[in-house]
Amino acid sequence: MENRVVAITGGGTGIGAAVAGRYASDGATVFVLGRRREQLAKVAAETGAHPIVCDASEPADAQRAVAEILDRFGRLDVLVANAGGHGLSSVTGTDDQEWELALRSNLSSAFVSCRAALPSLVESEGQVVIVSSLAGLFAGPNVAGYTVAKHALIGLTRSIARDYGPSGVRANAVCPGWVRTPMGDGMMDQLAATAELSGGREEAYQRATAEIPLRRPADPAEIAAIVKFLGSPESSYITGAVLVADGGAHAVDLPTLAFERAGL
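Here the structure is a predicted model, which means the values were calculated and not measured.

Enquirer: Run through the domain arrangement of the protein, naming residues and quoting values.
Expert: Assigned domains within the protein: domain 1 (5-177 + 219-244) and domain 2 (179-217). Using only C-alpha atoms to locate each centre, domain 1 and domain 2 end up separated by 25 Å. With eleven residues of domain 1 in contact, the opposing surface of domain 2 contributes seven residues. Taken over both partners, the interface formed by domain 1 and domain 2 buries close to 670 Å², and the fraction arising from carbon and sulfur atoms is 69%. Among the residues domain 1 hides against domain 2, the three largest losses belong to Asp-219, Pro-220 and Glu-222. Together they make up 37% of the total. Linking domain 1 with domain 2 are one salt bridge. Taking the shortest distance from any N to any O, the salt bridge between Glu-222 and Arg-216 comes out at 2.9 Å. One can count two residue pairs in polar contact (both at pLDDT 80 or more) joining domain 1 with domain 2.

Enquirer: Before we move on, could you go through empty space enclosed by the protein and cite the residues and values that matter?
Expert: According to the stated counting rule, one finds one cavity of 30 Å³ or more in the structure shown. Reported here for the largest cavity is a volume of approximately 80 Å³. As for the largest cavity, its lining consists of Ala-7, Thr-9, Leu-33, Ala-62, Ala-65, Val-66, Ile-69, Leu-76, Leu-79, Ser-113, Ala-116 and Ala-117. Breaking the lining of the largest cavity down by element, the ones donating at least two residues are β1 (5-9), α3 (59-73) and α4 (96-124). Ranked by the residues each element gives to the lining of the largest cavity, the list is headed by α3, at four residues.

Enquirer: Break down the environment of Ile-226 for me, with residues and values.
Expert: The topology assignment puts Ile-226 in helix α8 (residues 220-230). By relative accessible area, which is 19% here, Ile-226 ends up buried. Taking C-alpha positions, Ile-226 is 13 Å from Val-179, a pair spaced 47 residues apart along the chain. Among residues more than four places away in sequence, those in contact with Ile-226 are Val-174, Leu-243 and Ala-245.

Conventions we followed
Residues numbered from 1 in each chain as written. Predicted model: local features only at pLDDT ≥ 70, side-chain atom pairs only at ≥ 80, totals over all residues. Heavy atoms only, no water. Domains from an automatic or database assignment. Contact = heavy atoms within 4.5 Å. Buried area = accessible area lost by both parts, 1.4 Å probe. Salt bridge = Lys/Arg side-chain N within 4 Å of Asp/Glu carboxyl O. Polar contact = N/O pair within 3.5 Å; in protein donor to acceptor, adjacent residues only side chain to side chain. 1 Å grid on protein atoms, 1.4 Å probe; cavity = no way out; pocket = protein on both sides within 12 Å on 5 of 7 lines; lining within 4 Å. Points joined across faces, edges and corners; volume = space filled by probe spheres on them. Helix = DSSP H or I, 4+ residues; strand = E, 2+ residues; numbered from the N terminus. Buried < 20%, exposed > 50% of the residue type's maximum accessible area, 1.4 Å probe, protein only.

Okay, structure coming up:
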């Protein structure tokens, strides 16, 4: 990855921060983009990445970020569209403001940043890696806005792959399951409180992953390794793909769980 320039939206925490560390350790020049200056500064200090405070869903901010990268290093080779969150309620429980925020945080942030970066990625024959979610393939309870937006990210990935593949640009999506991130921790804390789990967050993670084959959540570094693979020459003939990293959850046949629990 030496001499390659990587931009990561949502780079100040969780998966984005882990991706920054992985690319930096492999020799890339890394830019972390996000709205929270202190978190970006922390990641920059830990990884050597360059922070850019911006809102990836704002066209002017996205264009400014790309322009700064080009001004400083003259190229952009990889965009990791990782920003996301919000949309954690049912359809009838989602008001107009929350719906707009869910789409803006998860979908518009990826679309706008990809649109700003693609001219440079065409020049470098670069890669786009979009971080969707297992919610991009299945629906969890009471996460309508998040689920809709994460599904749409797969469509965005395939559209970029189809339209820009002839120019040498590759685009792929990653769909993680449960990952030990601040967002995941927050949801586990909520589960622990609601279910009155004496073991707190750890017991909540155990309960949430009890039915998946690997029986555990992912570490952010594990997802970062997948993102780095897709955004590197090692995956040179992969584009338009959706790589699921969920510990095997998508391979489980839900109607047979009752038989497993019965020991059959």
